[in-house]
Amino acid sequence: MQSSKCQNAKLQQWVKEAAELCRPEAIHWCDGSQAEYDTLMAQMVKVGMATPLDKRPNSFLFRSDPSDVARVEDRTYISYPHQEQAGPTNNWIEPDKLKGIMLDLYKGCMAGRTMYVIPFSMGPVGSPLAKIGVEITDSPYVVCNMHIMTRVGDRVLEVLGADGEYIPCLHSIGAPLQPGQADSSWPCAPIEQKYISHFPAENLIWSYGSGYGGNALLGKKCLALRIASAVARREGWMAEHMLILRLTSPEGRQYHVTGAFPSACGKTNLAMLLPTIKGWKVECIGDDIAWMKIGPDGRLYAINPEAGFFGVAPGTSYDSNPMAMDSIKENSIFTNCALTDDSDVWWEGMNGAPSHTIDWKGRDWTPDSKDVAAHANARFTAPASQCPIISTDWEKPEGVPIDIIIFGGRRASVVPLVAQAYDWDHGVFMGSTAASETTAANIGAVGNLRRDPFAMLPFCGYNMGDYFQHWFEMGDRLGAHAPKVFYVNWFRKTAEGKWLWPGFGDNSRVLKWMCERVDGKVGGRETPIGILPNEGDLDLTGLDLPAQDLQELLKVDAAAYQAEVPDMENHFAKFGDKLPGRLSAQLEALKKRLG
Ligand code: SAT
Ligand code: MN
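Since the structure is predicted, the reported quantities are computational estimates derived from the model, not experimental observations. (Residues numbered from 1 in each chain as written. Chains lettered and ligands numbered in written order. Predicted model: local features only at pLDDT ≥ 70, side-chain atom pairs only at ≥ 80, totals over all residues. Heavy atoms only, no water.)

Caption draft 1: Summary view of the state of the cysteines. As enumerated under the stated definition, the model contains zero disulfides in all. For Cys 387, which is in no disulfide, the shortest distance to another cysteine sulfur is to Cys 284 and amounts to 4.9 Å. The class of Cys 387 is buried, set by a relative accessible area of 3%. (Disulfide = S-S within 2.5 Å. Buried < 20%, exposed > 50% of the residue type's maximum accessible area, 1.4 Å probe, protein only.)

Structure (structure tokens):
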């Protein structure tokens, strides 16, 4: 039960207690080695949980239970002693009560299974910005994904030492096996038994019942966003749902950009885009999470705490994101994609449909089938190091200095292609009122418009009113060093439902305008909602965009914005006296500008 490599008595004690509670058949301390990964994969192939892919070396396909295909926001809890600490946007149950419910579920929940202990680092091992977590799980699928998404292994235990701090993350799929009982290929608990719980006051994570993505890979949303955002507020830094990229101009000037977009709104595509404008280059640093701290020179520095990509598969192709396609050629895990007859994966939007596949539910599928072949939230898990344009500085312990912060979401109407905030306060207002059509990354309705402030609605580990205030305070500390803030919408459609903007590589044209704004080299016009490019300010060389579409993309429809004001007011009203006065002032200023 004990690990000879673990010198940390507290960790040994926690593992012992977890084993007494969950009653696994065996305990395995993960060392993060390739041999460990290979052994677990071989076991999962043997029992029919994983399918090896002939076309992609060392890559495997998994099919989840149809009930367990995405994050479960309704079953996600931020548990503080007082509900006000969790705020109006989080589900809350009082800690003792929630723990009581979950302890009952955890009792004997690992029967017949192995309990894996995964020591992992978010951020390069030993970096001053990194945080250590330890996930206990009964899912070998989770172990293999954590190998890719985080830094796992003995080196983490060494850094942890005898009395280092770690964030305990307890996970069970919630499917004990009775002696002789046959296992299913994706065991999990029914929805009403799923709990993704966070106790930020004690830096503790308890997850039960799901094996999928952010519900189960606890380093990601649970630790690096929900718990880290609460820690960051206490310690004066930021944990954000943001991609990080470096853009280099033809003159060799580097710009670092972070961008907050809700799940499944194109962060991965933006993070590794190939610019369509001459001489500009993008390097990827991260595609989902940024931890940002003010550096000794007063600027804001960002690191990517993750080590891999857990990207949305459908829609990813050599046209839309060739760098992602090259990242997943080998050593990758695929979940809920379709299986082709020549033992490869396929999904909608990859390229021409094969004449036959096995769909994500394991059924025969042809282009005539009425269902999709891959689930809309099918995912690939791939090492970040495999991205051909991963920045050589992506693991730099001190991070990269941020020049530009982007907010955005999916909006078929109203919101123009790009707008620059007048100043930091206006940028915080843009982030706090960000809205997007919901996606398949959460279990629930798709396509409904909702306010998703800073793309953190499902990920903020404390009262979001306090979170807004924290953004203002960071801006005050950054002063003249604060990054410039922009709001984008790649997803505008015509009344007939046609995309107005080509997106993907052509988004580099918008990024270029931002860089030139930072340097004061390009124009813009003041509008009620921010500074927009004049039609001649965007570099559209080589792009065949009808003039009418460009006009539509850069139009500010004051009446349409006015119609949104009541919704913004209701959104702000939820925060009561936690709403910073500076946000109310911004809303009043917007109303005035709209006339
Ligand atoms: O399943 S995850 O939460 O990791 C993916 C996402 O929603 O961004
Ligand atoms: Mn995400």
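Okay, back to it.
Caption draft 2: The packing of aromatic side chains, seen in detail. Under the criterion given, the structure shown has 25 aromatic pairs. With 5.1 Å between their ring centres and 85° between their planes, Phe 407 and Phe 454 make a pair best called edge-to-face. Pair noted here: Phe 407 is in strand β25 (residues 404–408) and Phe 454 is in the loop between β28 (449–451) and α12 (464–478), with a separation of 47 residues, a long-range link. What links up through ring pairs into an aromatic cluster is the set Phe 407, Trp 424, Phe 454, Tyr 462, Tyr 467, Phe 468, Trp 471 and Phe 575. Here Lys 293 stacks its cationic end above the ring of Trp 237, 4.7 Å away from the centre of that ring. The ring of Trp 499 has Lys 493 sitting right over it, with the charged end atom 4.5 Å from the ring centre. (Phe/Tyr/Trp six-rings, centres within 6.5 Å; stacked < 30°, edge-to-face > 60°. Helix = DSSP H or I, 4+ residues; strand = E, 2+ residues; numbered from the N terminus. Lys NZ or Arg CZ within 6 Å of the ring centre and 35° of its normal.)

Caption draft 3: Molecular detail of the site of ligand 1. Neighbouring ligand 1 are Arg 71, Gly 213, Gly 214, Lys 220, Lys 221, Ser 263, Phe 310, Arg 379 and Ala 441. One of the backbone nitrogen or oxygen atoms of Gly 214 is found 2.9 Å away from an oxygen atom of ligand 1. One of the side-chain N or O atoms of Ser 263 is found 2.9 Å from an oxygen atom in ligand 1. Here ligand 1 is seated within the largest pocket. Looking at the shell around ligand 1, the elements that each hand over two or more residues are α7 (213–216) and α8 (219–235). (Near = heavy atom within 4 Å. Polar contact = N/O pair within 3.5 Å; in protein donor to acceptor, adjacent residues only side chain to side chain. 1 Å grid on protein atoms, 1.4 Å probe; cavity = no way out; pocket = protein on both sides within 12 Å on 5 of 7 lines; lining within 4 Å. Sits in = over half its atoms within 2 Å of the grid points.)

Caption draft 4: Representation of the coordination of the manganese ion (ligand 2). Taken together, Lys 221 (NZ), His 241 (NE2) and Asp 288 (OD) make up the full set of protein donors to the manganese ion (ligand 2), lying 2.0 to 2.2 Å away. Summarised as a motif, the one-chain spacing of the donors to the manganese ion (ligand 2) is K-x19-H-x46-D. A residue pair is termed long-range when its members are at least 10 positions apart, and His 241 in the loop between β11 (238–240) and β12 (242–248) and Asp 288 in the loop between β14 (281–286) and β15 (290–294) qualify at 47 residues. Note on Asp 288: relative accessible area 7%, which makes it buried. (Donors = N, O, S within 2.8 Å, 3.2 Å for Na, K, Ca; no water.)

Caption draft 5: Examining the packing of helix α2 (residues 34–46) against helix α5 (residues 140–149) more closely. Close contact between α2 and α5 brings their axes to 10 Å; oriented N to C, the two are set at 145°. As α2 runs across α5, the sense of the crossing is left-handed. Residues Glu 36, Tyr 37, Leu 40, Met 41 and Met 44 of α2 touch α5, and the partners they reach there are Pro 140, Tyr 141, Val 143, Cys 144, His 147 and Ile 148. Looking at side-chain class alone, the contact of α2 with α5 contains nine nonpolar, one polar and one charged residues. (Axes fitted to C-alpha atoms, helices over the stretch in contact; angles between N-to-C directions. Left-handed = near helix turned anticlockwise from the far one by under 90°. Contact = heavy atoms within 4.5 Å. Nonpolar A, V, L, I, M, F, W, Y, C, P; charged D, E, K, R; others polar.)

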